[in-house]
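Here is how the chains run, residue by residue.
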Amino acid sequence: MIRALLCFLAAILLGGIVHLSTVLATPQAATLDAYSRLTPLTPVNKMVPLAAPTADSEVMPFMDPAFATAVCRYDLTGGPLKLASPVSQAYTSVTFYTRKSIAYYAINDRAAGRRTIELDLMTAEQHAEVPEEEDVTAADRLIIDSPTARGLIVVRALAAEPGLMPMARQALAAATCTIQPVQ
Amino acid sequence: MRLLFGTFFTLLVAAAIGLGATWFTLTHGVAFGSLTVGAWTAWPKSGSVDIDPYARAIIARTGELPTGMGDGVAFYARTDDAGNALDGRCTFVISGMTPSARYWTLTLYDPGGRLVPNSIDRHGFTSEEIVRDSDGQLTITVSPLARPGNWLPTGGIEKLTLLWRLYDTAIGVATRTTKEGPMPSITRKGC
């Protein structure tokens, strides 16, 4: 009797371990995460507009159909990245994701406070190499540290009415992300 | 022999418990730090580096990109205020005051996050295109059949997910109380 109870307790304990380890391992094992879905559609370090989601097809689930979307799939091993995106009429936001889809930074047009959102994205090592005086003099230069060398930048522009979608898409067509090679 | 059997049995039960719990949590959207207002639930931390392991596993599995915390917050509804599942063959009315945000969008999806096909190609509303009542409140009818006013067609599918995204808002960032709404109510009006 005691033996059966012990077996049962051991099973629950082991089950807990199995549960936690499988939950933690899922992001590593996932083959259909956002980055993998975007890999065939987007070249590295280039801003690419995404097709609007329709009932028949969408790049990712739960995309907001009221937004025009552009994606830059980045790889910082070649140097820091410069992002520039004009602000559309209604609302524009830029969200940075790690390779595993974690949103580590997001900014919108009002927080950026200008007609263009300009950001420098670099790894912590590259940030450490930025000359200090350069960092200080360019006070309005916004530097974002990427926790991983690879990831996604998603620029979203709201079309407040369906008729404004062409304008939102046009604003995003001027968005760029370019590698600044280290001298 | 008994030892062998006992060990085998224990391992089998452990695997069943562990994998079953993982499957359940990942398919039922279990994550910590939720913010519930009426029928609407948001996970503001899922849009930041403080995302918990369950939410990480869920987004890796579904392939979605969560709304970033500096961008906005997304409220999900899968039932009405009374707890009835959102059935696309029924009529639901969303009404009340809208929460404070610079812009919001309301979108109707199937449980997998796909847009629902319908005759007028409408999948949601933005805060700019909604028609408001004379007192500033809004009324949206979610129904398979055409309705006057703000009609959101369901296409007659069995299960719906409504997603209310608030952009440039303090909700979910600054405060943690559940009284910070108001979020509109969802009421079933017949099937």
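Everything numeric here is computed off the predicted structure, so don't read it as measured data. (Residues numbered from 1 in each chain as written. Chains lettered and ligands numbered in written order. Predicted model: local features only at pLDDT ≥ 70, side-chain atom pairs only at ≥ 80, totals over all residues.)

Novice: Could you give an account of the domain arrangement of chain A, with specific residues and numbers?
Specialist: Taken domain by domain, chain A comprises domain 1 (1–29) and domain 2 (34–179). Placing a centre on the C-alpha atoms of domain 1 of chain A and another on those of domain 2 of chain A gives a separation of 41 Å. (Domains from an automatic or database assignment.)

Novice: So what's going on with the sheet that holds strand β1 (residues 35–37) of chain B? Which residues, and what values?
Specialist: All names here are of chain B. On the basis of which strands lie adjacent, the open sheet formed by six strands has the order β1-β2-β3-β9-β5-β6 and antiparallel pairing. The outermost strands of the open sheet, each flanked by one partner alone, are β1 and β6 (124–126). Neighbour to neighbour, the strand axes of the sheet diverge by 20 degrees on average, direction disregarded. Pairing of strand β5 (residues 103–109) with strand β9 (residues 161–167) involves seven bridges; the strand directions are antiparallel. (Pairing = 2+ DSSP bridges. Helix = DSSP H or I, 4+ residues; strand = E, 2+ residues; numbered from the N terminus. Axes fitted to C-alpha atoms, helices over the stretch in contact; angles between N-to-C directions.)

Novice: Let's hear about the interface of chain A and chain B: which residues, and what values?
Specialist: The partner chain B presents 53 residues to the 51 residues of chain A that form the contact. When residues of the side of chain A that touches chain B are traced back to their parent elements, those giving at least two are α1 (2–29), α2 (34–38), β4 (92–98), β5 (103–108), α3 (109–112) and β8 (150–158) of chain A. The dominant element in the side of chain A that touches chain B, judged by the number of residues it contributes, is α1 of chain A, at 16 residues. Partitioned by chemical class, the residues of the side of chain A that touches chain B number 33 nonpolar, ten polar and eight charged. (Contact = placed C-beta atoms within 7 Å. Nonpolar A, V, L, I, M, F, W, Y, C, P; charged D, E, K, R; others polar.)

Novice: Can you explain the domain arrangement of chain B? Please cite residues and give values.
Specialist: Residue and element names in this part refer to chain B. Domain assignment breaks chain B into domain 1 (1–30) and domain 2 (31–188). Computed from C-alpha atoms alone, the centre-to-centre distance between domain 1 and domain 2 is 35 Å. The interface of domain 1 with domain 2 comprises four residues on the first partner and five residues on the second. For the side of domain 1 that touches domain 2, the class distribution of residues is two nonpolar, two polar and no charged.

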